[in-house]
Every structure is written in C-alpha cells, then in structure tokens.
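Chains, contacts and geometry: an overview
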Amino acid sequence: MTRRREWYNRFRMLETMTAPGLRKRYVPDVFSYRRRKTRVVMVGKVGVGGDNPVRLQSMTTTDTLDPEATFRQSVRMIEAGCELVRITAPTVEDARAIGKIKEMLVKAGHGDVPLVADIHFNPAAAAEAAEFCEKVRINPGNFVDTKRFAVKEYTDAAYAAEIERIEERFAPLVAKLKRLKRACRIGTNHGSLSDRIMNRYGDSALGMVESALEFARIAEKHDYRELIFSMKASNPKVMIAAYRLLVARMNELGMDYPLHLGVTEAGDGEDGRIKSAIGIGSLLEDGLGDTIRVSLTEDPEFEIPVCRELVKPFADRAPQEARPEAHKEKFHCADFYSYARRKSDHFDVGPIMVGGHQLVRAFLRAPAPMTAGELLTAYEAQLKKAQGADPEIVEFDVKDERSLARFKSIREELRSATSRLAFLARVEGPISLALKAAEIAHVVCWATPIEGDYAAYLKTLKEKNIANLVEAENAETAKKLEAASRYKNIHTIVSLRGDDASKVLQEYRLLAAYGASSPILIRSPREKTTDEQILRSATLIGGLLCDGVGDAVLIDAELPFARNVELLYNVLQGAGVRITKTEFVSCPSCGRTLFDLQTTTERIKKRTGHLKGVKIAIMGCIVNGPGEMADADFGYVGGAPDAINLYVGKDCVQKGIPFAKADDALVELIKKHGKWVDP
Ligand code: SF4
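Structural notes, computed from the coordinates. (Residues numbered from 1 in each chain as written. Predicted model: local features only at pLDDT ≥ 70, side-chain atom pairs only at ≥ 80, totals over all residues. Heavy atoms only, no water.)

1. Looking at the packing of helix α9 (residues 269-285) against helix α10 (residues 303-311)
Note the threshold: Structural elements are reduced to axes, namely lines fitted to C-alpha atoms, with helices fitted over the stretch in contact, and the angle between N-to-C directions of any two is expressed from 0 to 180 degrees. Counting from the N terminus, the helices are the DSSP runs of H or I reaching at least four residues and the strands are the DSSP runs of E reaching at least two. Should the near helix be turned counterclockwise from the far one by less than a right angle, the crossing is left-handed, whereas a clockwise turn marks it as right-handed. The contact rule is simple, with two residues in contact once any of their heavy atoms fall within 4.5 Å.
Where α9 meets α10, the axes come as close as 10 Å, and the angle between the chain directions of the two elements is 35 degrees. Of the two possible hands of crossing, α9 and α10 adopt the one that is right-handed. For the pair α9 and α10, contact is made by Arg-273, Ala-277, Ile-280 and Leu-284 and by Val-306, Leu-310 and Val-311, respectively.

2. Brief notes about the nonpolar core
Convention followed: Residues grouped as a nonpolar core are buried Ala, Val, Leu, Ile, Met, Phe, Trp, Tyr and Cys residues, joined through side-chain atoms within 4.5 Å. The rule is simple: take the accessible area with a 1.4 Å probe, protein chains only, and divide by the maximum for that residue type; under 20% is buried, over 50% is exposed, in between is partly exposed.
The biggest cluster of nonpolar side chains holds 169 residues, and the ones touching the most others in it are Phe-170 and Phe-229. Here Phe-170 is in contact with Ile-138, Phe-143, Phe-215, Ile-218 and Ala-219, once residues within four sequence places are set aside. Core analysis: the second largest hydrophobic core is formed by 28 residues, Phe-595, Phe-634, Val-637 and Ile-657 among them.

3. A look at the pattern of salt bridges
Stated formally: Between Lys or Arg on one side and Asp or Glu on the other, a salt bridge is scored when a side-chain nitrogen of the former is within 4 Å of a carboxyl oxygen of the latter.
One pass over the full model with this rule turns up 56 salt bridges. Ionic pairing is found between Arg-86 and Asp-118, a salt bridge with its closest N-O pair at 2.7 Å. With Arg-86 in strand β4 (residues 84-88) and Asp-118 in strand β5 (residues 115-119), this residue pair connects regions lying 32 residues apart in the sequence. One exposure class covers both Arg-86 and Asp-118, and it is buried. Between Asp-664 and Arg-607 there is a salt bridge; the shortest N-O distance is 2.7 Å. Here Arg-607 lies in helix α19 (residues 597-608) and Asp-664 lies in helix α21 (residues 659-672), a separation of 57 residues in the sequence. Owing to a relative accessible area of 43%, Asp-664 belongs among the partly exposed residues under this scheme. Its relative accessible area of 35% is what places Arg-607 among the partly exposed residues.

4. Some details on α10
The element α10 is extensively covered by neighbouring structure, given that 7 of its 9 residues are classed as buried. Of the residues making up α10, those classed as buried are Glu-303, Ile-304, Val-306, Cys-307, Glu-309, Leu-310 and Val-311.

5. Observations concerning the site of the ligand
Operational definition: When at least one non-hydrogen atom of a residue lies within 4 Å of a molecule or strand, that residue is treated as near it. Cavity: a set of points on a 1 Å grid over the protein atoms alone where a 1.4 Å probe fits but cannot get out. Pocket: an open set with protein on both sides within 12 Å along at least five of seven lines, its lining residues, like those of a cavity, having an atom within 4 Å of a point. Molecule-in-pocket calls rest on the fraction of atoms, with more than half required to lie within 2 Å of the cavity or pocket grid points.
Near the ligand the following residues occur: Cys-587, Ser-589, Cys-590, Arg-592, Thr-593, Gly-620, Cys-621, Asn-624 and Gly-625. For the ligand, the cavity whose grid points lie within 2 Å of the majority of its atoms is the largest cavity.

6. A closer look at the environment of Glu-532
Considering the arrangement of structural elements, one finds Glu-532 in helix α17 (residues 530-546). In sequence terms Glu-532 and Val-113 are 419 residues apart; their C-alpha atoms lie 28 Å from each other. Setting aside its immediate chain neighbours within four residues, Glu-532 contacts Glu-309, Lys-312, Glu-527 and Ser-537.

7. Details of unusual backbone geometry
The phi dihedral of Phe-121 falls on the positive side, at around 70 degrees, and the residue is not glycine. Along the chain, Phe-121 turns up in the loop between β5 and α4 (123-129). The exposure class of Phe-121 is partly exposed, given its relative accessible area of 34%. Even without glycine at this site, Lys-181 takes up a positive phi of about 60 degrees. Looking at Lys-181, the relative accessible area reads 70%, which means it is exposed.

8. With respect to the environment of Gly-289
Of note, Gly-289 is situated in the loop between α9 and β10 (291-292). Once the C-alpha coordinates of Gly-289 and Pro-658 are considered, the two residues, 369 residues apart in sequence, prove to be 42 Å apart. Not counting chain neighbours up to four residues away, the residues in contact with Gly-289 comprise Arg-35, Val-54, Leu-259, Leu-261 and Leu-284.

9. Structural notes on the side chain of Arg-592
Under the convention used in this document: For the purpose of charge, His is not counted, nor are the chain termini; Lys and Arg are scored as positive and Asp and Glu as negative.
Here Arg-592 is to be found in the loop between β21 (583-586) and α19. No salt bridge is formed by the buried Arg-592; the nearest opposite charge belongs to Asp-118, separated by 4.5 Å. The contacts of Arg-592, once residues within four sequence positions are left out, are Thr-88, Pro-90, His-120, Gly-620, Cys-621, Val-623 and Asn-624.

Note that all results are geometric; they support no functional claim without further evidence.
Put into structure tokens, the structure is as follows:
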C-alpha cells in the first residue's frame, strides 16, 4: 500500500468511525441497559433474536470425516445445553458427512438441535452442507477470495467488478438457502479480511463491518434476510469496536439482524474465560447479542457452562429508562468505536502515582485474618510470578478500634519490610475513626460520610496531605462528594459500590461522563462462586477498561489474597492494559486441526510461560491459523499432518518441522530473536 493510500484509508476510517460521522448510534443510550430489538431468524426450530433467550452454541473439534466421533461429541455438547451445534465442512465430502451425523442425531432423538456448517474458501461445500444443515456460516474474507497479501490500488470500477464477482459465486448459495429455508451467518474474522478490504479499509473494525455488509447487500438484493452476523477478533477491544460499529451501520441502513458474539482464539483456562467475558460480557451489557459462543482450547462441552454463566444476568433483566444525562453526550471519548483512555489527573499516593498516563493500578484487598508476614509473602510470591509487577495499594477495612489497631500494626511492620506498597484505609464508622485512619494511611475512603462532618474530614485530609477515595452507591452522589473534595484541592479518587456487577457498569460510564477528571477506581463486587467472580469481574473491569474508563481496579472477592491478586492481574492482562506474563493465543481447534491442541498448548505454556510480554500463537491449521493469530510475536501452526510451521509475526520462517522437534525449534526461534530469558 502506498503511503498516500494508507493515510487516505486511515482518514476515511477515522471519518466514518467518529460519532458525528455516523448518523445513528449503536445504542440510544450507553448509560442504561436495554436489549437491542432484532428480527427473529429461525435456525431450524430454534429462534435467534427478538425476544428469544440468548442462544448458547459451540463447535465440534473432531474430524468431520469421522461421523461416529463427531456424533458422540455433538451429543455431549447437546447434553451440556448446547442449542446449536457447529461442524466444520472444509470440503464437499465433509459436508456430506454432516448428513450422516444429522441422521445419527435424529435417531438419537436430537433431531431438533440445529446443525451449522462452518465454511471457509469453498462455495461448493456450502451448497452441499445446506442440504443437511439448518444454518451455513460463511466467512466473507475467504468465501470467494483467496488471500495473496497483494497490495493494490482499487479504483471504484475495479472494486465494483470484485463485488460483481462475489455476487456470481454467492447468489446461487443464497437461492438455495432461501429455497430450503436455511439461515446464514456472515461471520467476519479480524484475522482473515480479504485483500480488497485490507487495501481499502486497512486492518480495521470498519473493514470487518464493510466486509460483512458487502455480502448482506447481495443477500438482500436477492430478497433473502435470514442473516445473523458476527465480528470476531482475538483482541477484545477490536471485537467490541467492530460489533458496535456494525450495529451503528445497520441502524443507518435499516437492518435489524441478530448478532452472534464471540472472541476468537481466547485460549484455555482462566485466561480464555476472562478474554471471552470481557468481549462477550461487555456487549451483552450494551444490550447486544442473540447467540454466543465461547471459544476455548478445551473440549467443546466445557464451553457451554461458561456461556450459560455469561448470559445469566440478562435472562430477566428489565430495560432501564433512558437517562436524561445520555442526551448530554459527555462521555470522555468521541465515540465507542475506537479505544481512547479517559484523561484523568495524576498524583502520588505514598510511593505510587495514580491516574493520568500511569499504569492502571491494582488495589489489593487484605483479608481480615491476615498477618503482615503472610500478606507480604503472598504478595512477593505473586510479584515473582508477574516478574516484578509495579508497586500497588493494599486496602484494609477499618470498622472499629480493633480493626484500626490491626491496620496500624500491619502498616508499621510492612513499612520496614517494603516500600512497594501504599495503604488505603476503608472506614465504615464515625468520623473519629476516619480521622484516626488518616494518621496512618496514604489514602482514606470514608465509606459512610455524614453530611455535616464531611467538611471536617476534608479539612483534616487537606492538612495532612492525604488522598481521598470517594465512594458512593451511584454516580450522582459520587459526583457531589467528589466536587466537595476537589474544591478543597484534595487529591481525589472516585469509585462506586454496589453488590450487582451487572448493573454497576453503566453507572461507572455515567461517572466518567460527568466531566470531573479524578482517577476512577473500578470496584468489582463479591460474587457467590469463583466461576461467577472470574466472569463478572472480567466483564465489569475489562469492559470498562476497553471503554477507556478506569485508573485502578479492585476485586472484592472471597478468595485467598494471592489468588485474588492473580485474578486481578489476569483481568488486567485480558483487557490488554498490563502485561505480567506470556500471552497465548490458541485456536479452539476443529475438524481441520492437525495436532492435539490441548496437550500441545499445555506443553508450550510450560516451557514459555515465564516470558513476560511475549505473545505466542498456537494454531491448528494453516487454513485459518496464520490469519487469525493476530499480532502474535511467534506462531506455532499445523502445516501438514505431523508437521509444524513456525512464524515470526505474520511471516512463515520454518516449514514442515517434524512435530516431535517443533517445541525445541520454537524455543530456538524465540532465542534467536532475543526474547528468551531463562526460567
Ligand atoms: S485455526 Fe484451523 S484448526 Fe484452528 S479452529 Fe481455526 S480452522 Fe480450525
């Protein structure tokens, strides 16, 4: 791409992505919850969109040409609660095998569960799969186009000629889907945009959206509207922006198609769940999403409980009234379609600077029975794991004289042991307690201020030059307390409390929209189970951080201290704001996978998990792998049965390495590029 074209594309992209460029917004009001109204698309007997519950789905990982194994896996998925089963169909033969799988499922009494054929590159396979599957998923980036990474100036005429070529190949499928009453998902992936789109729109959310709309326009031209859209990416920020931009564009075009939400290549374990919750959860909070898939590098039946947990808070969630504040359009950034961190004040809290361009700080809650020694050991162990994470702030509850004395003694012990920690006293009690806490803390939060006494409290903080953490139940009250504190020139951090993470997110946005520039602490409330805690904290904290809101985070979990700290860092890494360990991108695997992804990922994690800041992708095949490993530093990709290809960035640097030697070759490659450190 020439530099001129590059800048032209960037300019076009920015022009279209800024709020004034879009005549309609993606939701009427970002400060209140309301599910987006969509048409219902029937996938067999399962309705997607409208008032239907958000549907849960997953994808088989077995070889489609082994119908028996794929049938057995499908049954396990269905028994776990999967409402739509997706199966890959790379060839016409695979598509026919889905017919056999369908027969087996009908015999086993699962005929009502719709099957979805996953197509890349092969219109003939799509046509064949439509015979047996209730839905066909196509990838607009590769349904017709083959990627050559060609740099080309497209004139409008050349571009239009390409669209005509797409129509020639896509229209017959549309006719067949229409005749057989099948649904179609137009599923864009960030990593597999066509050369045409890349040259015109760049590697952007806008390119993802336009890629899908090209196909939607052709379908509508042929009077076919059984469409569902997806905009997946492995980076939650890109994925969130693309879905929002798609909805804004659909609103402009009068389209009301349902959405399938997902984060690709999320990985496995807690990190995979966190990434998925950040992307999927925050869009559900926006009222978007009609069916979801959590892509984990685990057996597909394990994805369903995660899906179920993610949609749980939205099952009966009533729409909220639009907030009058929404009309002020005072959110900190120009739009919700690209990332920009909210501008905030920065100042010292003990040994740590908070706000501004500083790292998003981790506030760590000290459980009541913990001694100074235990706290320090757990913290240092975590620091070691996170390879020297920066200093943080520890929060102590001060409710009476006893807890105040405990805070004081731990504070004294730790003062001599480390200078890496600052101390926050969260006081629930009379002003006398808050004033005593101010004698020893770096920052005080008086959680229950009394109107008349608040002025006296502020006066003391000012005299002692202590920062004030303002906390309230809603943005309105927080704003008033914050204004009083700032008026006295006190360094102020502002936060919200509430026991329902799923309702507090919009309130934080409102807090950010009110205009004062105090740093914001996101406090994630306590959940009943660890699984809920992981998903809700990731949605609230990760969702807000991806909106650019948040200078510090705290998880109020019922977890051991070290585990809480680990979760907090994992969420920060998932949101892409603090990197404390190796980042792995691994595909969920499917019928195309050329090696055992789960065990291979585990093995590679063991050998390279200490390389802080290095991003490694482990992908099952070269069909989609290289395109979808996003911005990984190194790629380990199935090139052929028993052979691995290694990548540096997007370049394949070694081909056909025997599987048994591939792990060593990867380590050597990392060393060669100067990114290796001994464990
Ligand atoms: S990268 Fe290849 S193997 Fe992995 S899920 Fe995608 S298509 Fe399947």
